[in-house]
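# A structural walkthrough
Each chain is listed here by its residues.
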Amino acid sequence: MLDLKQIRENPEKVQELLDRRNSDQYQIEQIINLSQQQRELETTRTELQTRSNEIGKLIGQKIKSGSDPAGDEIKTLKAEGNELKTKLGKLEPEEKDLKAQISAAILELPNLPAQTTPIGKSEAENVEVRRWGDEYLPENNDSILPHWEIGEKLGIIEFGRSVKIAQSRFVSLIGAGAALERALINFMLDRQIAAGYTEVMPPALINTASLTGTGQLPKFAEESFQCQDDDLWLIPTAEVPVTNLYREEVLEASQLPIYHCAYTPCFRREAGSYGKDTRGLIRLHQFNKVELVKIVHPDTSEQEHQSLVKNAEAILQALKLPYRVLELCTGDLGFSAAKCYDLEVWLPSSGKYREISSCSNCTDFQARRASIRFKEAGKKGTKFAHTLNGSGLAVGRTMSAILENYQQPDGTVRIPEVLQPYLGRKIL
RNA sequence: GGAGAGGUGGCAGAGUGGUCGAAUGCGCUCGACUUGAAAUCGAGUGUACUGCAAAGUACCGUGGGUUCGAAUCCCACCCUCUCCGCCA
């Protein structure tokens, strides 16, 4: 959520930053107008309320000091009180309605891109920051089977039957496939815990307030699975439950930074991506992910962002999977992010780098929505924290990358060295 | 799912219609005393919004209602705890 005060005080600047997202759907003019009306109303209403409070106190005092409760003096005061009540009864709903309109409108606005975020229209203008692991690129790209084919051949990924029991875009992992997924999860968690993150195993179902807190709602309701009879949704990422752990809390500055890692399944409706990535593990309604979440002091969020990206990269490096780091341009930036780096892993079968991690600095955007604040010792008042999150990593996509990059001409797949202890084997 | 109890400030806990943003205790901050500390004493100690400010307004689980006036009365909902049922 953007700061209404900032919108009012620097409208041109805010609008200009919103426009960088290459969309004309984010307009602040209406919000400024509504806010102006609301504040005028509030001033009037408060004046009436003040008088009304005075009358209430006065009546109490008079009665206590012996005035006749049914006498003229009290009657006159009550009459004025009633008059005020009638007026307030009109103003209050009006103001409430304005406030509701403002907050509904402001919840639809995305975060402002950081000044340093490269300006661009679409993903085509994302900026490659660095590339790693060229020496690990497979030489025989053309002879490498796509991961779904090798997976099926090895009998470790079950596509057809999974569609029967659920729907398309669901898979089951069988035997060594399931074990490999589990090994990857444990490996990733162990690494991130060693890097200083505290593991969390959060609920996989969360309420509307939580999804609103991190920015998935109200705008992207069609992206999440919703339960019919309860105010519960399936989590699209662990970012939502883990960040919301601290919703509506005032933390001590000394508690910051907070680092969490979490393995959870993630559920996404993938509405509007019908034709894309219909085969394999790339785009599923349910997938596993190890997520990194940081809650930090605003002054440190930039460096915390850089180190979070490094923590995600470390997994790919340990697995010796070639990847590149992109800085997303303003046109491709996620709703809650001010700045975002994507890690893309090399997928030989498609001859492309594919996203395997997305690391965002959400600055105070989520903290405002979720009211995650902190207090500095000795200082008055509270400040909004900064929240960051990143995948460390998407597990299914990592498995895809291993099945392809580690594929051998004889149709077997080597297991990355660091995973061997977890899996108890060297080859699939 | 059934029966009962309860949700008040950082915590504990009082408050059943009027000056209650809320007693008291603990905690915390500052000061005094002390060589230092403890103890003791004194002062202070919620958040948000509007406003240049003075100040005002709102908040006692949430939302409605009654009233000149609600933490206090009424209604609905949510949550927590105990017991029973079911259950990984």
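Residues numbered from 1 in each chain as written. Chains lettered and ligands numbered in written order. Predicted model: local features only at pLDDT ≥ 70, side-chain atom pairs only at ≥ 80, totals over all residues. Heavy atoms only, no water.

Turning our attention to the sheet that holds strand S7 (residues 249–252). Taking strand neighbours across the sheet as the criterion, the 3 strands line up as S7-S13-S14 in an open arrangement whose pairing is mixed. Edge positions in the open sheet fall to S7 and strand S14 (383–384), since each of these has one partner strand only. Sheet topology note: the strand S13 (residues 372–375)/S14 ladder contains 2 bridges and is antiparallel. Within S14, the position partnered with Arg 373 by the bridge is Phe 384. (Pairing = 2+ DSSP bridges. Helix = DSSP H or I, 4+ residues; strand = E, 2+ residues; numbered from the N terminus.)

Along its sequence, chain A is carved into domain 1 (4–107) and domain 2 (123–423). For domain 1 and domain 2, the distance between their C-alpha centroids amounts to 44 Å. Listed by partner, the interface residues are 6 residues for domain 1 and 10 residues for domain 2. Where domain 1 abuts domain 2, roughly 650 Å² becomes buried across the two surfaces, and 47% of that area is made up of carbon and sulfur atoms. Of all residues in domain 1, the largest losses of buried area upon contact with domain 2 belong to Arg 20, Arg 21 and Leu 107, amounting jointly to 79% of the total for that side. The tally of links from domain 1 across to domain 2 stands at 0 salt bridges. Remark: the boundary between domain 1 and domain 2 carries 7 residue pairs in polar contact (both at pLDDT 80 or more). Residues that form the side of domain 1 that touches domain 2 fall into these classes: 2 nonpolar, 2 polar and 2 charged. (Domains from an automatic or database assignment. Contact = heavy atoms within 4.5 Å. Buried area = accessible area lost by both parts, 1.4 Å probe. Salt bridge = Lys/Arg side-chain N within 4 Å of Asp/Glu carboxyl O. Polar contact = N/O pair within 3.5 Å; in protein donor to acceptor, adjacent residues only side chain to side chain. Nonpolar A, V, L, I, M, F, W, Y, C, P; charged D, E, K, R; others polar.)

Now for helix H12 (residues 395–405). Of all the 11 residues making up H12, 11 are buried; the element is thus mostly covered by neighbouring parts of the structure. Here H12 has its buried residues at Val 395, Gly 396, Arg 397, Thr 398, Met 399, Ser 400, Ala 401, Ile 402, Leu 403, Glu 404 and Asn 405. (Buried < 20%, exposed > 50% of the residue type's maximum accessible area, 1.4 Å probe, protein only.)

Here the focus is the side chain of Glu 313. Its place among the elements puts Glu 313 in helix H10 (residues 301–318). We classify Glu 313 as buried; its relative accessible area is 3%. Those residues in contact with Glu 313 that lie beyond four places of it in its chain are Arg 130, Tyr 323, Val 325 and Leu 343.

So, on to the protein's contact with RNA strand B. Around RNA strand B, the structure places 22 residues, and the nearest of them are Arg 39, Gly 56, Lys 96, Lys 375 and Thr 382. Between Asn 53 and RNA strand B, the recorded distance is 3.1 Å, taken from a side-chain N or O atom to a phosphate oxygen. Secondary-structure elements contributing two or more residues to the surface near RNA strand B are helix H3 (29–64), helix H4 (72–107) and S13. The biggest single contributor to the surface near RNA strand B is H3, with 13 residues. (Near = heavy atom within 4 Å.)

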